[in-house]
Amino acid sequence: MLASALKTKKMLKALNVLITYRLLCVFDSVIAGEAKLPEICPNILTREQWGGRAPEFINYTIFPIDYVIIHHTVTPLCATKESCSRQIRSIQNYQMQAPLNFGDIGYNFLIGGDGKVYEGRGWHKEGAHTRGYNKNSIGIAFIGTFTDVAPPLEQLQAAKDLLECGVKLGELSENYKLYGARQVKATESPGVKLFKKIMKWPHFAEPEK
């Protein structure tokens, strides 16, 4: 039994190395101009562009990912790169300190009211947003509070484009399931108004019981 467990652990470690190598090759090709992202992919502002801190650790996930979980940040809505970046830095600082100690911002991506996508942990990295789902989901947070008001159209469209981009890149399964955070944990997130919006999106689903 012990030998079998050790063998499985070694296999998973080797697989993780192969995945990382493949990703680095893909990213190098994109940066070098040898490969182009699908047209649907939105421009994603990097961690460096919003002034993010370096992560304390990184855990990679096996992709394509089967679940996407939508959150809201319960903060004011931001409408410019400067205000959105400031809020994201504040969220990251809060989530990296005690008692949370997430080691980084918990979300994979954040969507600003300016219609821009901001890189959190990014693709193929384990987030810290929904216990029980972090290893097999992408967490996307809408910056703002959407209990009484819905997100602006630009913010909604940016999220839709990001999801379609994820499928095109092979990061998300073609049959991925979309949940609101409130469906899988005790929370009001992503807010009633935003939740009603995502209920109409193609991949919205009810969790299996």
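Parameters and conventions
Residues numbered from 1 in each chain as written. Predicted model: local features only at pLDDT ≥ 70, side-chain atom pairs only at ≥ 80, totals over all residues. Heavy atoms only, no water. Helix = DSSP H or I, 4+ residues; strand = E, 2+ residues; numbered from the N terminus. Buried < 20%, exposed > 50% of the residue type's maximum accessible area, 1.4 Å probe, protein only. Contact = heavy atoms within 4.5 Å. Areas by Shrake-Rupley, 256 points an atom, 1.4 Å probe, with all protein chains shown as cover. Phe/Tyr/Trp six-rings, centres within 6.5 Å; stacked < 30°, edge-to-face > 60°. Lys NZ or Arg CZ within 6 Å of the ring centre and 35° of its normal. Salt bridge = Lys/Arg side-chain N within 4 Å of Asp/Glu carboxyl O. Pairing = 2+ DSSP bridges.

Participant: Even after reading the chapter, I still don't get the overall build of the protein chain, so can you show me in this structure?
Facilitator: Each helix and strand in the protein chain was counted, giving 5 helices and 6 strands. When the elements of the protein chain are put in sequence order from the N terminus, they spell out α-β-α-β-α-β-β-β-α-β-α. When each of the 209 residues of the protein chain is scored for burial, the buried share is 44%. Contacts in the protein chain between residues at least 24 apart in sequence constitute 71% of all its contacts with a sequence separation of at least 6. For the protein chain, the exposed area adds up to about 11800 Å²; of that, 56% sits on carbon and sulfur atoms.

Participant: What is the right way to read the packing of aromatic side chains from this model?
Facilitator: The description of an aromatic ring pair uses the distance of the two centres, along with the angle that the planes make with each other. For the structure shown, the criterion picks out 6 aromatic pairs. Ring geometry for Y133 versus Y179: centroids 6.1 Å apart, planes at 90 degrees, classification edge-to-face. With a gap of 46 residues between them, Y133 in the loop between strand 4 (117–119) and strand 5 (137–142) and Y179 in strand 6 (residues 172–180) connect regions that are remote in the sequence. There is no split in this pair, since Y133 and Y179 are both buried. Grouping aromatic residues by their ring pairs yields a cluster made of Y67, Y133 and Y179. Directly above the ring of F195 sits R182, whose terminal nitrogen or CZ lies 5.1 Å from the centroid.

Participant: Is there a simple way to explain the pattern of salt bridges in this structure?
Facilitator: It is possible for side chains of opposite charge to pair when their charged atoms get near one another. Evaluated as defined, the whole model comprises 4 salt bridges. A salt bridge links D104 to R47, with the shortest nitrogen-to-oxygen separation between them at 2.9 Å. Linking D104 in the loop between helix 3 (81–96) and strand 3 (109–111) with R47 in helix 2 (residues 47–50), this pair joins segments that are 57 residues apart in sequence. Comparing D104 with R47, the two get one shared label, buried. Residue K177 pairs with E208 through a salt bridge whose shortest N-O separation is 3.2 Å. You can see K177 sitting in strand 6 and its partner E208 sitting in the segment after helix 5 (192–198), a full 31 residues away along the chain. By relative accessible area, which is 65% here, E208 ends up exposed.

Participant: Just to check I follow, could you spell out the pairing of strand 5 for this structure?
Facilitator: Successive residues of a regular strand alternate their side chains across the two faces of the sheet. Summarising burial for strand 5: 6 of the 6 residues are buried, a large majority. Side-chain alternation along strand 5 places S137, G139 and A141 on one buried face and I138, I140 and F142 on a second face that is also buried. Strand direction decides the pairing type here: strand 2 (residues 65–72) and strand 5, joined by 6 bridges, are parallel. Looking at the pairing, H72 lines up with F142 of strand 5. In terms of strand pairing, strand 3 meets strand 5 through 3 bridges, oriented parallel. For F109, the partnering residue across the bridge sits in strand 5 and is I140.

By themselves, these observations are geometric and do not establish any function.
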